[in-house]
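Residue-level structure breakdown
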Amino acid sequence: MPKDKLKIGIYELTGCAGDALLIVDCEEELVNIFTAASIEAFLMAKSDNRHGELDVALVEGSVSTEKEKEELLDIRKRARVVVAIGGCACVGGPQAAFLDKKEWEKNLKKVYGNIEFSHSRPLQSKPIDAYIKVDCYLPGCPIGKAQFLSTFARMVNGNPPELFRFPVCVECKWHENDCLLNKDILCLGPLTLAGCGSVCPNFNVPCFGCWGPTEEANRTSEYYLLREKGFDTEVIKNRMANYSGTRITEFFEQFRKEKR
Amino acid sequence: MRILKLQKKDLFPLLKVISREAELWAPTAKGDKFAYGRVLDFSRIAMDAVRTIIPPKKIMVPSLFNMFNFTEKGYQEDLSHVTDRILFGIHPCDIHGLLILDKLFSQAYLDPYYLEPRKKTLILGLSCLPDAYCFCKSTHTDIIEEGYDLFFTDLESYFLVWIGSSRGDDLIRLAPDFFDDKLTEKDIQTYTKWQEKRDNAFKTTVNFTRMPDLMELNYKAPFWEEVGAACLACGSCSMVCPTCNCYNVVDKLFLGNKPGKRLRHWDSCTLPEYSEVAGGENFREHKSQRLKLWYTHKLQAYVSKYGKPSCVGCGRCLVTCPVQIHVKSVADALEGHPVEAFWKKFAQEVSK
Ligand code: SF4
Ligand code: SF4
Ligand code: SF4
Ligand code: SF4
C-alpha cells in the first residue's frame, strides 16, 4: 500500500450519471472508498471539490459540448491516470451511435432551431478517447459494483486494473447455460465484454450488449448468422447499435464498403 | 476384474448406502440439456443424459475458484472445492477426458487444485447409446479399461456392474446383498447384443489416423482463413471440451483491509489475449492462427506426444460452436470433403 493516499477525482460529462450514482450506491463500501483514497472531486457526493493534481481521474460520460472538451483536456493535464467509466465514456453511448456529421447537424437544428448557443457550443458526441489518451476502460451501462470495487481496490493498492477482455459467452459457459444463440435467440454475448457475470443468460434472457463491445467483436459473422436464423437487418442493426457508440458507425461504414 | 449383476430396482437403494459418506454428483436436467450437479433426490438423476453441457472437469477444477487468500503477511490456501464425491453416470468419453487431464495436470509439477479433488472422487461410470453427434468410436474412447471404480452397463431390466478398482470393490462390500455374481449364458448374450447395437449406432465418424499428416499438409490451406473469419472468438469450444485445461490467474483485491483472493479461471487459446505478452505483442493475433493452434493440439501435437488425439469424441464442440467450427467440420475440410457448416456458407457469402 502506498504511504500517501492516492488523489482521485470522479467526473461526469454527458451521460445519465448512472456510473457516479452507482459509486454512491456502494453504501456499505462508501466509507472504505473515502478512507482508502483522498477523493478530491466528486460532484455528486460532495461540495468541497478541489481541482489540483490527481493520481487517478475517473471520467463518466461522453463529450458533447465545447465546455466538456475543455474540462476533459484539463483533467488529462492534471491526472497521472485516466480511467473511462461506463459505456458513454468508453465508446460514446447511445448519443454517439449511428450519426454522421451532416445527420447530426440536421438533428441539432431540428431540436434546438436556429439559436445562438450562449453557454457552450454543442459538439457531436464522442467517447473521451476521441480527445485524450485513456489508460483504462471500465465498461458497463452502468458499470458493475463488484467490478468497480475490485478495480478501485487494485488502484489504491498501486496495481493496474485487470479486467476481462473476452466476451460474455465465456462467463456464460462458466455458468453452464444452454446457449440461447444456438436456440435461434438474438444474443449479443459473443460481441460483448464479460465482467457482468453473464447475469442475463443466467436467467434465460439474451445479452443486450450493455457491457459494450469487445475489441475483437466479430459483428460481420454474427450479422450473417442472425440473418440466416431469420432476423431482420434493421432488428440486428438496432440491437447491435444500442451500446456500441461510435464503434457501430465505424462498423457499418466498413460493412457498406465491403458490400459495394 | 469382476462383473456382477444388479437389478434396476436396487440402484437407488445402493446409491443411498454408498453416498452416506460422500456427495453424490450425477447428470440432471437443465432445460432440454443436462448438467452435472449434486443430487440428494435420486429421482433427479437423468439416466438418459447423453452429454452434459459442461464436462465433469468442472467438478475437479471449477470454472472460477479461489486458490488462496493473501495479506501482506502471507497466504492461506483455499481448497474448499475439495471434498469426497461420488460421480455417477459418467460415460466412457468423459472418463477418458479425465484420464487425459490427469496427464496434463501432473506433467512438470503436480497441480493440487485438480489432483486433490480428483483423488477424492469415485468414478461410477454408466453405459450410453450415441446420439447423432457422438464419435467416440473414432477416437477409441467408446470403451474403458481403466479410470473407473465401478461401471454400470444398462441392459434394460438390470445392470452389469464392472469392478474397476479396490475402492470400487469396497463400495460393493457396503451392500453385497444387492449384487448377484452368477451370470448366465443369457446375460452374456444380452450383453453381446447390446454391444452390437451400440457399435452400429454411431452416425458421426472421423478418421483420426490421417489427421496428424493432414494437419501438416494443410498448414497453409485457405480454409483456415475461412474458419478464422467466421469464428466469434467466444471461447465456448474450449469451455465445453473435456480435455481443454488452460487457465488464467488473477488477483482480486478488496477495500478495508480484507484479504485478497488469487482467483483461477478457465481460459481458451481462441481468445485474443491468450497469446499476448508483456509490451502488447501478440503471437497469434489472427483467429485463423488461434484455431490452427487449437486443432494442432487436438489432432496432431498430442498424438505425437501420447500416441492418441486429445479429442475423446464427446461431440460437445459439434453442438456448441455457434458458427459450427468443430472437430467434424474441420476434419472434413482437412480431408477435402464438402463441408456443411455456417463458416463455409459465411465464406461464400462474404466473397460474393
Ligand atoms: S447464450 Fe449468449 S452469451 Fe451465452 S454462450 Fe450463447 S451466445 Fe454466448
Ligand atoms: S445485457 Fe449482456 S452485458 Fe449487460 S448485463 Fe446482460 S449479459 Fe451482461
Ligand atoms: S474436441 Fe470436441 S468432440 Fe473432441 S473432446 Fe473436445 S469437445 Fe469433445
Ligand atoms: S470456434 Fe466456435 S466456439 Fe470456438 S471460439 Fe470460435 S466461434 Fe467460439
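Residues numbered from 1 in each chain as written. Chains lettered and ligands numbered in written order. Predicted model: local features only at pLDDT ≥ 70, side-chain atom pairs only at ≥ 80, totals over all residues. Heavy atoms only, no water.

1. Some details on the side chain of A:Thr192
Topologically, A:Thr192 is positioned in the loop between helix 7 (168-174) and helix 8 (199-202). Here A:Thr192 is in contact with A:Phe166, A:Pro167, A:Val168, A:Cys207, A:Gly209, A:Cys210, A:Trp211, A:Gly212 and A:Thr214, once residues within four sequence places are set aside. (Helix = DSSP H or I, 4+ residues; strand = E, 2+ residues; numbered from the N terminus. Contact = heavy atoms within 4.5 Å.)

2. Let's talk about the domain arrangement of chain B
Residue and element names in this part refer to chain B. According to the domain assignment, chain B contains domain 1 (3-200) and domain 2 (211-351). Taking only C-alpha atoms into account, the centre of domain 1 sits 27 Å from that of domain 2. Each partner contributes to the interface: domain 1 provides 38 residues, whereas domain 2 provides 35 residues. Summing both sides of the interface, domain 1 and domain 2 together bury roughly 3,200 Å²; the carbon and sulfur share of this comes to 63%. Along the contact surface separating domain 1 from domain 2 lie two salt bridges. Taken together, domain 1 and domain 2 are joined by 22 residue pairs in polar contact (both at pLDDT 80 or more). Among the elements that line the side of domain 1 that touches domain 2, the one with the most residues is helix 3 (residues 92-104), at eight residues. Tallied by class, the residues present in the side of domain 1 that touches domain 2 amount to 22 nonpolar, ten polar and six charged. (Domains from an automatic or database assignment. Buried area = accessible area lost by both parts, 1.4 Å probe. Salt bridge = Lys/Arg side-chain N within 4 Å of Asp/Glu carboxyl O. Polar contact = N/O pair within 3.5 Å; in protein donor to acceptor, adjacent residues only side chain to side chain. Nonpolar A, V, L, I, M, F, W, Y, C, P; charged D, E, K, R; others polar.)

3. A short note on the sheet that holds strand 3 (residues 33-38) of chain B
Residue and element names in this part refer to chain B. On the basis of which strands lie adjacent, the open sheet formed by eight strands has the order 3-2-6-7-8-9-1-10 and mixed pairing. Here the strands that pair on one side only, and so sit at the sheet edges, are strand 3 and strand 10 (179-180). Direction of pairing for strand 1 (residues 2-7) relative to strand 9 (residues 158-163): antiparallel, over a ladder of six bridges. Within strand 9, the position partnered with Leu4 by the bridge is Val161. (Pairing = 2+ DSSP bridges.)

4. Concerning the sheet that holds strand 1 (residues 6-12) of chain A
All names here are of chain A. On the basis of which strands lie adjacent, the open sheet formed by five strands has the order 2-1-3-5-7 and parallel pairing. Strand pairing shows two members of the sheet lacking a second neighbour, strand 2 (37-42) and strand 7 (136-138), which therefore form its edges. Here the average twist between neighbouring strands, direction ignored, is 25°. Pairing between strand 1 and strand 2: five bridges, direction parallel. For Gly9, the partnering residue across the bridge sits in strand 2 and is Ala41. Against the sheet, helix 3 (residues 66-78) engages strand 1, strand 3 (54-60) and strand 5 (79-85), with an angle of about 130° to strand 5. (Axes fitted to C-alpha atoms, helices over the stretch in contact; angles between N-to-C directions.)

5. Examining the layout of surface pockets
The gaps left among the atoms become clear once a water-sized probe is rolled over them. Taken as a whole, the largest pocket holds about 1,000 Å³ of empty space. Surrounding the largest pocket, 36 residues form its lining, A:Cys136, A:Pro161, A:Glu162, A:Leu163 and A:Arg165 being those nearest its centre. When contributions to the lining of the largest pocket are tallied by element, the ones reaching two or more residues are strand 5, helix 4 (87-91) and strand 7 of chain A together with strand 11 (247-252) of chain B. Element by element, the count of residues in the lining of the largest pocket is highest for helix 4 of chain A, at three residues. (1 Å grid on protein atoms, 1.4 Å probe; cavity = no way out; pocket = protein on both sides within 12 Å on 5 of 7 lines; lining within 4 Å. Points joined across faces, edges and corners; volume = space filled by probe spheres on them.)

6. Side note on the nonpolar core
Within the largest apolar cluster, 75 residues are counted, with the highest numbers of intra-cluster contacts made by A:Ile8, A:Ile33, A:Leu58, A:Phe148 and A:Phe152. Every residue in contact with A:Leu58, bar those within four places of it in the chain, is listed here: A:Ile8, A:Gly9, A:Ile10, A:Tyr11, A:Val83, A:Ile85, A:Phe148 and A:Met155. Formed by 62 residues, the second largest nonpolar core is a distinct cluster that contains A:Cys179, A:Leu186, A:Ile248 and B:Phe208. (Core = buried A, V, L, I, M, F, W, Y, C linked by side-chain atoms within 4.5 Å. Buried < 20%, exposed > 50% of the residue type's maximum accessible area, 1.4 Å probe, protein only.)

7. A few points about the packing of helix 9 (residues 219-228) of chain A against helix 13 (residues 342-350) of chain B
Interaxial distance between helix 9 of chain A and helix 13 of chain B falls to 11 Å at its minimum, and their mutual angle equals 105°. With respect to each other, helix 9 of chain A and helix 13 of chain B are oriented roughly perpendicular. Contact residues: helix 9 of chain A offers A:Thr220, A:Ser221, A:Tyr224, A:Leu225 and A:Glu228, while helix 13 of chain B offers B:Phe342, B:Lys345, B:Phe346, B:Glu349 and B:Val350. Residues belonging to the contact of helix 9 of chain A with helix 13 of chain B are distributed by class as follows: five nonpolar, two polar and three charged. (Parallel < 35°, antiparallel > 145°, perpendicular 65-115°, else oblique.)

8. Things to note about the site of ligand 2
Contacts to ligand 2 come from A:Thr192, A:Cys196, A:Val199, A:Cys200, A:Pro201, A:Cys207, A:Phe208, A:Gly209, A:Cys210 and A:Trp211. The residue makeup of the shell around ligand 2, split by class, is eight nonpolar, two polar and no charged. (Near = heavy atom within 4 Å.)

9. What about the site of ligand 3?
All names here are of chain B. Within the structure, ligand 3 sits among 13 residues, and Cys241, Cys311, Val312, Cys314 and Cys317 are positioned closest to it. The set of elements that each furnish at least two residues to the shell around ligand 3 consists of helix 10 (287-306) and helix 11 (316-320). Counted by class, the shell around ligand 3 contains nine nonpolar, two polar and two charged residues.

10. A short note on empty space enclosed by the protein
All names here are of chain A. Under the definition given, this model contains eight cavities of 30 Å³ or more. Of the voids in this model, the largest cavity is the one considered here, and its volume is about 140 Å³. In terms of lining, the largest cavity is formed by 15 residues, of which the most central are Cys169, Cys172, Lys173, Cys179 and Cys187. Element by element, the count of residues in the lining of the largest cavity is highest for helix 7, at four residues. Here the lining of the largest cavity is composed, by residue class, of eleven nonpolar, three polar and one charged.

11. Looking at unusual backbone geometry
Cis geometry marks the peptide bond from A:Cys141 to A:Pro142; its omega dihedral reads -5°. By secondary structure assignment, the location of A:Pro142 is in the loop between strand 7 and helix 6 (145-156). The phi torsion at B:Glu156 lies on the positive side, around 70°, for a residue other than glycine. Although it is not a glycine, B:Ala233 sits at a positive phi angle of roughly 50°. Relative to the helices and strands, B:Ala233 is located in the loop between helix 8 (223-230) and helix 9 (236-240). Judged by its relative accessible area of 5%, B:Ala233 is buried.

12. What about the packing of aromatic side chains?
Evaluated as defined, the whole model comprises 24 aromatic pairs over all chains. Relative to A:Tyr224, the ring of A:Tyr223 has its centre 5.5 Å away and its plane inclined at 80°; by these criteria the two rings are edge-to-face. Residue classification places A:Tyr224 among the buried residues on the basis of a relative accessible area of 11%. The interplanar angle of 70° and the centroid separation of 6.4 Å between the aromatic rings of B:Phe68 and B:Phe70 together place this pair among those described as edge-to-face. Both residues of the pair, B:Phe68 and B:Phe70, belong to the buried class. Through pairs of rings, three or more aromatic residues link up here, namely B:Phe223, B:Trp224, B:Trp294, B:Tyr295 and B:Trp343. Lying over the aromatic face of B:Tyr158, B:Lys5 brings its terminal NZ or CZ to 4.6 Å of the ring centre. (Phe/Tyr/Trp six-rings, centres within 6.5 Å; stacked < 30°, edge-to-face > 60°. Lys NZ or Arg CZ within 6 Å of the ring centre and 35° of its normal.)

13. Let's talk about the domain arrangement of chain A
Interface size is commonly expressed as the accessible surface area that is lost when the partners come together. Residue and element names in this part refer to chain A. Under the domain assignment, chain A is made up of domain 1 (7-156) and domain 2 (168-259). Each of domain 1 and domain 2 was reduced to a C-alpha centroid, and the two centroids are 25 Å apart. Counting residues at the interface gives 16 residues for domain 1, matched by 18 residues for domain 2. Roughly 1,200 Å² is buried in total at the junction of domain 1 and domain 2, and carbon and sulfur atoms are behind 68% of that figure. For domain 1, the biggest contributors to the area lost against domain 2 are Val91, Phe98 and Cys141; these three give 48% of the whole.

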